[in-house]
Amino acid sequence: VDSGVQPTIVTFNELIKCCSRARSLSMATYYLKEMEKYGLQPDKITAHFVIVTCAKVGDFDSADTQLRNMQEHGIAPTQEMYAYLASGACTHNRPLRACAYLEECLARGLDVTSRLGESVLNSCIDSAEDKG
């Protein structure tokens, strides 16, 4: 930053939130790397918006990588992150992936809302019926 003003974690969180709204995982990833250049570590808010972006675009391999990276930085996944991932998996016709996220959420001792559980269950049923 040429003016001598350094970006903060809030700056990057807002940028990544905009990437999520725009459904641009490549830009969100870019800003994660930029954070490192400034010696900043992602926080729970950063992780939330990256996970939401992965769910929106249906890139669950990247989501799983981000979950691992978060945990390496001491950030525990939240029920809300798993809800976005499970819901995104349903939206992208990945019912088994959705079920896996719910199982992981439960294994961590986090609550699963009845609405989310019902949504994933219905997605799994619909997928099974589509396969005949």
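It should be emphasised that the depicted structure is a prediction, and the values quoted were computed from it without experimental measurement.

**Examining the overall build of the chain**
Move 1: Along its length, the chain carries seven helices and zero strands.
Move 2: With the C-alpha coordinates aligned to their principal axes, the bounding extent of the chain is approximately 60 × 30 × 20 Å.
Move 3: Sequence separation of at least 24 residues holds for 64% of the intrachain contacts in the chain that already meet a minimum separation of 6.
Move 4: Approximately 7,600 Å² of the chain is accessible, and the part contributed by carbon and sulfur atoms is 51%.
Move 5: Charged side chains of the chain number 13 positive and 17 negative; the gap between the two group centres comes to 3 Å.

**Section: the confidence of the model for the chain**
A low pLDDT means the predicted coordinates there should not be read in detail.
Move 1: With 92% of its residues at a pLDDT of 70 or more, the chain shows a mean pLDDT of 88.
Move 2: Here helix α7 (residues 114–130) stands out as the element of the chain with the lowest mean pLDDT, 70, in contrast to helix α1 (residues 9–21), whose mean of 97 is the highest.

**Describing the nonpolar core**
Move 1: Core analysis: the biggest nonpolar cluster contains 32 residues, and Ile16, Leu67, Met70, Leu85, Ala86, Tyr101 and Val120 have the highest contact counts within it.
Move 2: The residues contacting Val120, other than those within four sequence positions of it, are Ala86, Cys90, Ala98, Cys99 and Leu102.

**A closer look at the pattern of salt bridges**
Move 1: Tallying each qualifying case throughout the model produces four salt bridges.
Move 2: Here Asp61 makes a salt bridge to Arg97, at a shortest N to O gap of 3.3 Å. Taken together, the residues span a long stretch of sequence, with Asp61 in helix α4 (residues 60–72) and Arg97 in helix α6 (residues 95–107) at a distance of 36 residues.
Move 3: Each of the salt bridges in this network shares a partner with another, and the network as a whole consists of Asp61, Asp64 and Arg97.

**What to know about the layout of surface pockets**
Taking a probe equal in size to a water molecule and rolling it over the atoms shows the remaining empty space.
Move 1: Taken as a whole, the largest pocket spans an internal volume of roughly 290 Å³.
Move 2: Forming the walls of the largest pocket are 18 residues, and the residues nearest its centre are Leu32, Pro42, Gln66, Asn69 and His73.
Move 3: Every element with two or more residues in the lining of the largest pocket is listed here: α2 (25–37), α3 (44–57) and α4.
Move 4: Looking at the lining of the largest pocket, its residues break down into nine nonpolar, six polar and three charged.

Conventions and cut-offs
- Residues numbered from 1 in each chain as written.
- Predicted model: local features only at pLDDT ≥ 70, side-chain atom pairs only at ≥ 80, totals over all residues.
- Heavy atoms only, no water.
- Helix = DSSP H or I, 4+ residues; strand = E, 2+ residues; numbered from the N terminus.
- Contact = heavy atoms within 4.5 Å.
- Areas by Shrake-Rupley, 256 points an atom, 1.4 Å probe, with all protein chains shown as cover.
- Lys, Arg positive; Asp, Glu negative; His and termini not counted.
- Charge placed at Lys NZ, Arg CZ, Asp CG, Glu CD.
- pLDDT = per-residue confidence, 0-100.
- Core = buried A, V, L, I, M, F, W, Y, C linked by side-chain atoms within 4.5 Å.
- Buried < 20%, exposed > 50% of the residue type's maximum accessible area, 1.4 Å probe, protein only.
- Salt bridge = Lys/Arg side-chain N within 4 Å of Asp/Glu carboxyl O.
- 1 Å grid on protein atoms, 1.4 Å probe; cavity = no way out; pocket = protein on both sides within 12 Å on 5 of 7 lines; lining within 4 Å.
- Points joined across faces, edges and corners; volume = space filled by probe spheres on them.
- Nonpolar A, V, L, I, M, F, W, Y, C, P; charged D, E, K, R; others polar.

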